[in-house]
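Architecture at a glance
As a plain string of letters, each chain reads:
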Amino acid sequence: MGKEAGKSAKKKPASKKRTTLPLPAGVPAKAKKPPKTVLKAESRHLEPLDIRVGAADAGVLDRLWGTVEARRLSGDVENSHSARLMARGTAKVAQKLGEEAVECVIEATQGHRQGTILESADLLYHLMVVWVDAGIRPEEVWAELQRREGISGIAEKAARPKGIVRAAKTSKLP
Ligand SMILES: N=c1c2ncn([C@@H]3O[C@H](COP(=O)(O)OP(=O)(O)OP(=O)(O)O)[C@@H](O)[C@H]3O)c2ncn1[C@@H]1O[C@H](COP(=O)(O)O)[C@@H](O)[C@H]1O
């Protein structure tokens, strides 16, 4: 067999992969199908309530912050868990937040709805202790959240100037 004939014999079968041809101007590109995990999350519906909610709303966070701040001012380490925790220093306060976050992650990953609610409450309590310890008022965080309202996370990330992101050594929101 000649050299050329050998080459053609070894020729791979034509790839079944579809090639994408450029679309004519004005024809919108077909939206890419989101990953399965995203579709699964989107298909989830709100479950019946696991906990009796009564008149509870997010205002409870403001009140909790106020209570923890009062405990900080009182310095009553005998009777207050919050005062005792803050007396152990910022590193301990932050460590507790991390631990509660991990516990919340475990419950959520395992799909334990009730456990996720309970761990979320622990997490938010310890977040309030972090804010009080750091001298942060809830309104400061609410204002930052409000500033971000309506800004798509994907669009915001795509719009970040790459050079600045590299210089700041962070990919977090500014
Ligand atoms: N929401 C909470 C809340 N959630 C959890 N915890 C306590 O957080 C602690 C977490 O327990 P852990 O064993 O994980 O932590 P730890 O006892 O510090 O143990 P170590 O990590 O030091 O080993 C428990 O003692 C819980 O009771 C809370 N303690 C208080 N609050 C709220 O804070 C208010 C003020 O509480 P005091 O500061 O205790 O008056 C209360 O009225 C509540 O509204």
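Residues numbered from 1 in each chain as written. Predicted model: local features only at pLDDT ≥ 70, side-chain atom pairs only at ≥ 80, totals over all residues. Heavy atoms only, no water.

Per an unreviewed UniProt entry, the protein chain goes by the name Phosphoribosyl-ATP pyrophosphatase and belongs to Roseicella aerolata. The Pathway (unreviewed entry) comment attached to the protein chain in UniProt states, word for word, "Amino-acid biosynthesis; L-histidine biosynthesis; L-histidine from 5-phospho-alpha-D-ribose 1-diphosphate: step 2/9." (UniProt positions renumbered as here; feature names shortened; annotations may be inferred.)

In the region of the ligand, 13 residues are neighbours, and Arg71, Ser80, His81, Ser82 and Arg88 sit closest. Arginine 71 is positioned such that a nitrogen or oxygen atom in its side chain is 2.7 Å from an oxygen atom of the ligand. For the ligand, an oxygen atom lies 2.7 Å from a polar atom in the backbone of histidine 81. For the ligand, whose unbound accessible area comes to 850 Å², protein coverage reaches 52%. Of all elements in the fold, only helix H3 (59-74), helix H4 (81-87), helix H5 (90-109) and helix H6 (113-134) reach the threshold of two or more residues within the shell around the ligand. Counted by class, the shell around the ligand contains 2 nonpolar, 5 polar and 6 charged residues. (Near = heavy atom within 4 Å. Polar contact = N/O pair within 3.5 Å; in protein donor to acceptor, adjacent residues only side chain to side chain. Areas by Shrake-Rupley, 256 points an atom, 1.4 Å probe, with all protein chains shown as cover. Helix = DSSP H or I, 4+ residues; strand = E, 2+ residues; numbered from the N terminus. Nonpolar A, V, L, I, M, F, W, Y, C, P; charged D, E, K, R; others polar.)

Further remarks concern the nonpolar core. By size, the foremost hydrophobic cluster in this structure holds 12 residues: Leu61, Trp65, Val68, Leu85, Met86, Val93, Tyr125, Met128, Val129, Val130, Trp131 and Val132. For this core, the secondary structure elements donating two or more residues are H3, H4 and H6. With residues up to four places along the chain from it excluded, the contact list for leucine 61 reads Leu124, Met128 and Trp142. (Core = buried A, V, L, I, M, F, W, Y, C linked by side-chain atoms within 4.5 Å. Buried < 20%, exposed > 50% of the residue type's maximum accessible area, 1.4 Å probe, protein only. Contact = heavy atoms within 4.5 Å.)

Before going further, it helps to spend a moment on the packing of H5 against H6. Contact geometry for H5 and H6: axes closest at 8 Å, N-to-C directions at 160°. Between H5 and H6, the crossing angle belongs to the class labelled roughly antiparallel. When you trace H5 past H6, the crossing you get is left-handed. Note on element contacts: H6 touches H5 through Gly115, Thr116, Glu119, Ser120, Asp122, Leu123, His126, Leu127, Val129, Val130 and Asp133, opposite Thr90, Val93, Ala94, Lys96, Leu97, Glu100, Ala101, Glu103, Cys104, Glu107 and Ala108. Classifying every residue of the contact of H5 with H6 by side-chain character gives 10 nonpolar, 5 polar and 7 charged. (Axes fitted to C-alpha atoms, helices over the stretch in contact; angles between N-to-C directions. Parallel < 35°, antiparallel > 145°, perpendicular 65-115°, else oblique. Left-handed = near helix turned anticlockwise from the far one by under 90°.)

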